[in-house]
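Observations on the model geometry
One letter stands for each residue in the lines below.
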Amino acid sequence: MIAAQDLQTDFQFPQEADSQLSSDTDLEDPDGKNAKTGKGTAAKKGKKAFGEKAKGGGGGKLSGLGWVNGHRQENGMENMTLFEVVKIGKSATQSVVDDWIEAYKHDRDIALLDLINFFIQCSGCKGAVSAEMFRNMQNSEIIRKMTEEFDEDSGDYPLTMSGPQWKKFRLSFCEFIGVLVRQCQYSIIYDEYMMDTVISLLTGLSDSQVRAFRHTSTLAAMKLMTALVNVALNLSINMDNTQRQYEAERNKVIGKRANDRLELLLQKRKELQENQDEIENMMNAIFKGVFVHRYRDAIAEIRAICIEEIGVWMKLYSDAFLNDSYLKYVGWTMHDKQGEVRLKCLTALQGLYYSRELNTRLELFTSRFKDRIVSMTLDKEYDVAVQAIKLLTLVLQSSDEVLTAEDCESVYHLVYSAHRPIAVAAGEFLFKKLFSHRGPEEEGLPRRGRQSLNGGLIKTTVFFFLESELHEHGAYLVDSLWECAAELLKDWESMISLLLDEPMPGEEALTDRQETALVEIMLCAIRQACECHPPVGRGTGKRVLAAKEKKTQLDDRTRITEMFAVALPLLLAKYCVDVDKVTNLLLIPKYFDLDIYTTGRLEKHLDALLRQVWEVVDKHTDTEVLEACSTTYHYLCNEEFTICNRVDIARSQLLDELVDKFNRLLEDFLQEGEEPDEDDAYQVLSTLKRISAFHNAHDLSKWDLFTSNYKLLNTGLQNGDMPEQIVIHAMQCTHYIVLWHLAKVSEGSSSKGDMVTLRKQMRAFCLMCQRYLNSVNTAVKEQAFTILCDSLMIFSHQIMSSGREQLEPLVYTPDSSLQAELLNFILDQVFIDQDDDNNSTDGQQDDEASKIEALHKRRNLLAAYCKLIIYNVVEINTGADIFKQYMRYYNDYGDIIKETMSKTRQIDKIQCAKTLILSLQQLFNEMLSDLGCNFDRSSSAFCGIKELARRFSLTFGLDQVKTREAIAMLHKDGIEFAFKEPSPQGEGNPPLNLAFLDILSEFSSKLLRQDKKTVHMYLERFMTFQMALQREDCWLPLISYRNSLQAGGDDDTMSVISGISSRGSTIRSKKSKPATTSKRKLPEEENSCSSSDAMWMNREQNVQTPLMMPSPHLTSTVLRDPKKMRPEDSYAAAYAAPSEQHPHQPVPSPQQHHHQTAMDYNTQVTWMLAQRQQAEAHQQQERVCMQYAKMRNHMQQAIRRGSGLMEDDEEPIVEDVMMSSEDRLEDLNEGMDFDTMDIDLPPSKNRRERTELKPDYFDPSSIMDDSVLNVSMF
């Protein structure tokens, strides 16, 4: 391409000699009148003098014009601009462009003026370029004028507005530019006038600091460039055709050669070359004037536009653009911070790698940026990662040698990703790499079976699954491959053949590990085909299947049933002793269509299956296998199918044999005077395991197993030598018996005697489990605890809900001893350090997996007990011992404890608050017992309690009205606890628990304004006159707590409706607030406050819970000036003696006299205290002001140092920078002694005073001088 000089704001094209139009122009202009125009002085200036007619554009008035004075005509009436026509989108873009071209031929200045205003209006600017401006001003001056008139009240402009209309506008805008160039490609774009002006305007706008101008003009310029690339491509094709015609004509013999035609072809080639040169100059101008600057713009969307379009250019016109000079921009931008831009890079490259013809030109780029593309497969943006994997798949298709084994392995493991699109893309990559290559020797292989091509691919899948070492995630691997390899995964015939058939001579047989993996993959493929939804964690839920998908699902299920009804008994017979294989194989009948057993006359295969299941039950004692057998019987015994009777008979025979064997063995095992040997214990345990597994899914009530199991458990308690596994399974089996009995009673078909029997059995069993809580064996205690928690939940008062009042006799409420034992179990077994956990049976505490498993077990135990608290089965205050562990065991159980606090607060806010304060009191007492009464308040123990109180405070949320009574009760209990115990050092020293007030102050911010006054008065009932005057360190908790209650006590910054101060206003908005709102209150506010205070004070006569009445909503959020408060308002009222307000209050007892002495202060002491606190407040205020000024100075220096692309053009700049720290400033303002901040900013230097528009960056210091930054604030 021909290099062009870098353009300034006013773009000038180099002038060339006049030439006639090529023959291509005749397609649109048969008369050849539209020669290149605009030569001379006007063209050199970039635009003609206004009103001068175009030389070849048809100077006369054209009939049927659609545009007059820049406005579209409809039925002879002027009504819409070009922007409005494109925005409405009712007219076809082709006709709109044709009308504009006709107007341009009539008077190109008026038409071009309308096109300029079109771009200005598309940017959201309300201003317009007038004819005088267009005639007398350069483009830079016009842009500056439009910048001054830009309305920035709203940050939205057409390209960023939401809604279908504006989305359609963006498409119409891009289409308009493309159609405009396409329709003008034969004449107008070569007149050196229209394109010069448009490119110059767009280049200038793209350098603007106004985001809307920059965004809109960049999009327009990039679409204009794309349209020019199409024109250049057409010219290139025409030049090649002309060259071939010329060579063919010249190669003819002299007698047949037409010299006139040769001259015409030479002339045409010359004209095409000139047009090509002009188009290349235009493209170079746009590329260097717009793209090179805007591909690194501050706005991600602008950068994305540039990268998206350069991908289009390289794909359309690869001869000119597909080289390293342009590819480097895409490679560099792949490191962009915004996922949107990285995504455009990948999609642009996909279009290039998709074409095999272009791959050879990408070798250097691939070698340079391949590592970056591979790393993007782990991008934090899922969409980017998906496209990176797809791009690597295209690279893999182009050449197998580009990606190394390490590169491929980094993609392979993503098939196990929880994000399904990433996993599916990785599955496609894996399929292309491992399964899509077929050699010539594989063409003649059979379609199905062990020797088929799929047989080899299935083996490859198994090998990959084993090498990935994620054997528990077979379902994720199958789901990843399902969309690209469903045919392979549905070849169950080949899978069965690989498992059952003997290997051919010379063929390597599958190992036991490989066969286990194949069985798992086969089961996962069956599940995927029948359920038609991803595994857990990869989908939001089951989606509605289309009709075609439902038909495919039914067909697959029929195939599975017909195939495995025959093969499954054979597979079970072969792998009967293998636990893993049998467990997976027994899950296959779950997906059968059981009608096929009857319709397909497969009853003999059903009998074979039942025999094999019986044999599996007889040979195995593994719980997982037995539960799989139980589930299989349960599914086959479905009463909706005719095979139910046949399966029920087989099941009853099996259970009869098991129960008879168990009773016989148990009788021998429990004989008195004989020591049971290990063989007898093993036989009892194995039979009990089988019965328990079946009792989980089947009702065994008719065999009456409760008596034998209860006898077994009772004997274990008496003797103490019962094997732990027998006790555990006996408790589990007994629990199932009680639950099945409850299900029968709940149906209403049982008699009254059944309910009495159930009540006796349930209570006896719960008492038995309670006794086992004291067992020396940890596993037995855990089983007893779990069953007790489940039983207490099931038989709680919740059992009577949903119209089941007849079950009231079954309600079982735990007594205090049982609650204490359950709580002690939690404290002993759950809240332990990891190193102290000895629960693992194999003793491998150093194994990370064992530690994780033990932690999960403890979490389940804690969750079971917390459910009892949440559902009010046990007392809520027992949760204090749980809540106090919140900080210490936050990583292990923080989520469970926090959710428990939330649920208990929903049940009873006041009781929950009392529980929280009780937990803090328990921790405080423990600290006193460990450190003594003279502990250091900076110690880690005290700081930990205070931090826990802060966390508790945060859980109350922002709505202070809802938690008002609970917070008040919390403060009441805390105050009573602080003054409960006198000082051990005698009178005159602080009470023993006074430091607890420092912890209690963490909750002061949750009190409403009027409640702070009430709590303060309640605090003063426990204080003496000497306490109020103390200033020693030991009295600091009292001082800080009183200050926390007095802070904000007389202002009205808190909105009662939301419980949070207004933070949404800026400094200037505060300044403009009317002063009349500062004291606005509802009429009943004061009465409500006083009545609330009196109510609490009166309730203290009975020492009951203080319940505050809800206060009316307050609406004022303006700070009141502390200087305007009178001392008697802020202090004297607070120190008013309670006896004066409550004349009927009883006299306290002598023992409590030093706590509750009425404070009869004289006026002088009160005034001294007020003066002292005012002085302290003034000093604090001065410190805040100094910090504010210091922070502002740092901001000014940061502003001067900062530079970068401008994202938003906001004014004034100083205010925007200050608002970036709005929260901090808001906090500082609250401590200052004025109503609102009064900052008088001089007018900043705005766009009207800017002398230059910088293309790529701006320096804030260049538009802010010291007069702006050094503002006097006070």
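Each chain has its residues counted from 1, running along the sequence as written. In view of the model being predicted, local features appear only for residues whose pLDDT reaches at least 70, and side-chain atom pairs are presented and counted only at 80 or more, with totals across whole chains, interfaces and linings using the full set of residues. Values reported for side chains reflect all heavy atoms of the structure, with hydrogen atoms and water molecules removed beforehand.

1. Some remarks on the overall build of the chain
For the purposes of this entry, the term helix denotes a DSSP run of H or I that reaches at least four residues, the term strand denotes a run of E that reaches at least two, and both are numbered from the N terminus. Helix and strand counts for the chain stand at 54 helices and 3 strands. Only protein chains enter the calculation, and the probe is 1.4 Å; a residue is then buried if its accessible area is under 20% of its type maximum, exposed if over 50%, and partly exposed in between. For the chain, the proportion of its 1274 residues judged to be buried stands at 51%. Note on definitions: a residue-residue contact is assigned when non-hydrogen atoms from the two residues lie within 4.5 Å. Excluding contacts between residues fewer than 6 apart, the proportion of contacts in the chain whose partners are at least 24 apart in sequence is 76%.

2. Here's the deal with a negative patch on the surface
In this scheme, patches are assembled from residues that exceed 30% relative accessible area and form no salt bridge. Like charges are connected within 9 Å, while nonpolar side chains (Val, Leu, Ile, Met, Phe, Trp, Tyr) are connected within 5 Å. Per-residue and other accessible areas follow the Shrake-Rupley method at a 1.4 Å probe size, with only the shown protein chains counted as cover for residues. The rule for a salt bridge is simple: a side-chain nitrogen of Lys or Arg has to be within 4 Å of a carboxyl oxygen of Asp or Glu. The charge count includes Lys and Arg as positive and Asp and Glu as negative, but it does not include His or the ends of the chains. By convention, the point assigned to a charge is CZ for Arg, NZ for Lys, CD for Glu and CG for Asp. A cluster of like negative charges, contributed by Glu667, Asp668, Asp677, Glu678, Asp679 and Asp680, occupies part of the molecular surface. Of all the secondary structure elements, the ones that give two or more residues to the negative patch are helix 29 (644–669) and helix 30 (678–697). The dominant element in the negative patch, judged by the number of residues it contributes, is helix 30, at 3 residues. Tracing the backbone shows Asp677 in the loop between helix 29 and helix 30.

3. Here's the deal with the confidence of the model for the chain
Each residue carries a pLDDT value, the predictor's own confidence for that position, ranging from 0 to 100. Mean pLDDT for the chain: 76, with 73% of residues reaching 70 or above. Under a pLDDT of 50 for its full length, residues 1–78 has, in the predicted model, 165 contacts with residues more than four places off or in other chains. Low pLDDT, under 50, characterises residues 1049–1165; the stretch is placed with 201 contacts to residues that sit more than four places away or in other chains.

4. Some details on the environment of Leu920
Inspection of the secondary structure assignment puts Leu920 in helix 39 (residues 909–931). Sequence separation of Leu920 and Ala949 is 29 residues, and the distance between their C-alpha atoms is 7.3 Å. When near neighbours in sequence (up to four residues on either side) are disregarded, Leu920 contacts Ile945, Leu948, Ala949, Phe952, Phe996, Ile999 and Phe1003.

5. Things to note about the pattern of salt bridges
Counted by the stated rule, this structure contains 34 salt bridges. The shortest N-O distance in the salt bridge between Asp512 and Lys581 comes to 2.6 Å. Taken together, the positions of Asp512 in helix 23 (residues 512–531) and Lys581 in helix 25 (residues 579–585) put the pair 69 residues apart, joining distant regions of the chain. When its relative accessible area of 0% is taken as the criterion, Lys581 is described as buried. It is possible to trace a salt-bridge network through shared partners that takes in Asp207, Arg214, Arg294 and Asp297.

6. Some details on helix 10 (residues 259–294)
Spacing of three or four residues puts side chains on the same side of an α-helix, whose turn is 3.6 residues. If you check helix 10, its first and last C-alpha atoms are 51 Å apart, about what 36 residues at 1.5 Å a residue would give, namely 52 Å. Note that bend, as reported per residue, equals the angle between axes fitted to the 7 residues terminating at that residue and the 7 residues originating from it. By the largest-angle criterion, Phe287 marks the main kink of helix 10, which is about 35°. Expected span of a helix, by definition, is 1.5 Å for each gap between consecutive residues, and there is one gap fewer than residues.

7. Thoughts on the nonpolar core
Met522, Ile882 and Phe979 are the most contacted members of the largest nonpolar core, which has 323 residues in total. Beyond its immediate sequence surroundings of up to four residues, Ile882 is in contact with Leu823, Ile826, Phe831, Leu862, Tyr865, Cys866, Ile869 and Ile897. Within this scheme, the nonpolar core is defined by two criteria: the residues are buried Ala, Val, Leu, Ile, Met, Phe, Trp, Tyr or Cys, and they are joined through side-chain atoms within 4.5 Å.

8. Regarding unusual backbone geometry
Even without being glycine, Glu192 reaches a positive phi, approximately 60°. With respect to the helices and strands, the residue Glu192 is situated in the loop between helix 7 (164–184) and helix 8 (194–206).

9. Digging into the packing of aromatic side chains
Side-chain rings of Phe, Tyr and Trp, where Trp is taken by its six-membered ring, are said to pair if the distance between their centres is within 6.5 Å; with planes under 30 degrees apart they count as stacked, over 60 as edge-to-face, and otherwise as tilted. This structure, assessed with the given rule, holds 40 aromatic pairs. When the ring of Phe291 is compared with that of Tyr329, the centres are 5.4 Å apart and the planes differ by 85°; the resulting orientation is edge-to-face. Within this pair, whereas Phe291 is found in helix 10, its partner Tyr329 is found in helix 13 (residues 324–333), the two being separated by 38 residues in sequence. When sorted by exposure, Phe291 lands in the same class as Tyr329, which is buried.

10. Quick notes on the side chain of Thr216
Checked against the element boundaries, Thr216 lands in helix 9 (residues 211–250). What Thr216 contacts, discounting residues up to four positions off in sequence, is Phe119, Cys122, Ser123, Tyr157, Leu159 and Phe173.

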